[in-house]
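# Structural characterization, general
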Amino acid sequence: MLKKLALSALIATSAMAMHQGEININDKDLEAQLRLDMGQFNEVTEPDTVFVGFRYLNADKENSDYSEDPDLYEINFLMQQPVRANNALTLGIGAKFEYTDLGDEDFMALPLGLEASFLLPADGFVPIYLNGNVYFAPKVLSFKEGERYFEYKISVDAEIIDNGRITAGYRNIETKYKGAGNQDLNNAWFVGFKVAF
C-alpha cells in the first residue's frame, strides 16, 4: 500500500511540473529556447522552481551593430517561485553561459540576472502576463575576447489555450569585445509562441 501511495505522489508531482519551449521571430531574427523543469527528473525538487535550458539566437546584421550575422548560443539555469504575499508575481534568479563567434573572435560570458513574471489581475478574455529579465556579466565574468555582456528582454503573453501562449516583446543584447566599444548583438521587436509540456 505504501508503494502505491508513493508512486501516486510521484505521478501527481510530475503532472504539475512543466517543461517550457519558446520560439520568437521577426522579419530577420529567429530565437528558440527550451527549459527543462528539474522537478520532473528529481522528486526532491519542487516542480516549476528549477529550470535548466538552452537558447539559440540566429540574429541578422540589420538588427545588430555587427557587419555579419551573429549567432548566439546559450546554456541557462533559473530558480524561481511565486512571491508569497502575491501569487500573481513570480521572481527568479539565474545564470547563463553565452557564446558567439564572429570571424576568429570568440566571445564568452557568464551573466547573472533576475527574471519576473506578473499575471495581470484583470478578468479579461484570456490571462495576460507581463514578463521581464535582465542579465549582466562584467569583465570578471567575460572570457576569450569578451569584456562585458548586458541583456534585457520585456514581453507580454496572452494564454490563449491551457499551457499555450502568444508572446510579443523587445530584446536588447549588448556585447563588448576587447579593444572595442559596446555593440548591440541584437536589438529587435519579436512575436512568438510559448508552450508548457
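Above this text you will find the structure in question.
This text gives an overview of the structure that appears in the document.

Each value, and the rule that gives it
Residues numbered from 1 in each chain as written. Predicted model: local features only at pLDDT ≥ 70, side-chain atom pairs only at ≥ 80, totals over all residues. Heavy atoms only, no water. Helix = DSSP H or I, 4+ residues; strand = E, 2+ residues; numbered from the N terminus. Buried < 20%, exposed > 50% of the residue type's maximum accessible area, 1.4 Å probe, protein only. Contact = heavy atoms within 4.5 Å. Phe/Tyr/Trp six-rings, centres within 6.5 Å; stacked < 30°, edge-to-face > 60°. Lys NZ or Arg CZ within 6 Å of the ring centre and 35° of its normal. Salt bridge = Lys/Arg side-chain N within 4 Å of Asp/Glu carboxyl O.

In this section: the overall build of the protein. Broken down by element type, the protein carries 1 helix and 12 strands. N-terminal to C-terminal, the α/β element order of the protein is α-β-β-β-β-β-β-β-β-β-β-β-β. Its C-alpha atoms put the protein at 65 × 40 × 30 Å along the principal axes. A buried classification covers 39% of the 197 residues belonging to the protein.

Our focus in this paragraph is the environment of Glu147. Of note, Glu147 is situated in strand 10 (residues 146-161). With relative accessibility at 19%, the residue Glu147 sits in the buried group. Distance in space between the C-alpha atoms of Glu147 and Glu46 is 36 Å, their sequence separation being 101 residues. Not counting chain neighbours up to four residues away, the residues in contact with Glu147 comprise Phe107, Pro138, Lys139, Ser142, Lys176, Tyr177 and Lys178.

Going through the model one piece at a time under the given rule, you end up with 9 aromatic pairs. Ring plane angle 80° and centroid distance 6.2 Å describe the contact between Tyr66 and Tyr177, whose orientation is recorded as edge-to-face. With Tyr66 in the loop between strand 3 (50-58) and strand 4 (71-83) and Tyr177 in strand 11 (residues 164-177), this pair connects stretches of sequence that are 111 residues apart. Judged by centre distance (6.0 Å) and plane angle (45°), the ring pair of Tyr152 and Tyr170 falls under tilted. With Tyr152 in strand 10 and Tyr170 in strand 11, the pair connects residues that are 18 residues apart, well separated along the chain. Given a relative accessible area of 29%, Tyr152 falls into the partly exposed group. On the accessibility criterion, Tyr170 (14% relative accessible area) is buried. The lysine or arginine in question, Lys96, covers the ring of Tyr135, its NZ or CZ lying 4.1 Å from the ring centre.

The next subject is the pattern of salt bridges. Summed over all chains, the structure comprises 15 salt bridges. A salt bridge links Glu74 to Arg55; its shortest N-O distance comes to 2.8 Å. One end of the pair, Glu74, is in strand 4; the other, Arg55, is in strand 3, and 19 residues separate them in sequence. The partner of Arg148 in a salt bridge is Glu174, with the nearest N and O atoms 2.6 Å apart. With Arg148 in strand 10 and Glu174 in strand 11, this residue pair connects regions lying 26 residues apart in the sequence. One salt-bridge network, in which partners are shared between bridges, spans Glu22, Asp29, Glu31, Arg55, Glu74, Lys96, Glu98, Glu151, Lys153 and Arg171.

Let's shift gears to unusual backbone geometry. One non-glycine residue, Asp48, adopts positive backbone phi at about 65°. As for its placement among the helices and strands, Asp48 is situated in the loop between strand 2 (30-37) and strand 3. Given the relative accessible area of 36%, Asp48 is considered partly exposed. For Asn163, which is not glycine, the phi dihedral falls at a positive 65°. Looking at Asn163, the relative accessible area reads 36%, which means it is partly exposed.

What follows deals with the environment of Ala109. For Ala109, the location among the structural elements is in strand 6 (residues 105-109). With relative accessibility at 0%, the residue Ala109 sits in the buried group. Each C-alpha atom of the pair Ala109 and Leu185 lies 13 Å from the other, and the pair is 76 residues apart in sequence. Dropping the residues within four chain positions of it, Ala109 is found in contact with Lys96, Phe97, Glu98, Ala137, Leu141, Ser142, Phe143 and Tyr149.

Let's shift gears to the side chain of Asn172. Relative to the elements of secondary structure, Asn172 occurs in strand 11. Residue Asn172 is classed as buried on the basis of its relative accessible area of 6%. Once residues within four sequence positions are removed from consideration, Asn172 is found in contact with Phe150, Glu151, Tyr152, Asp184, Asn186 and Asn187.

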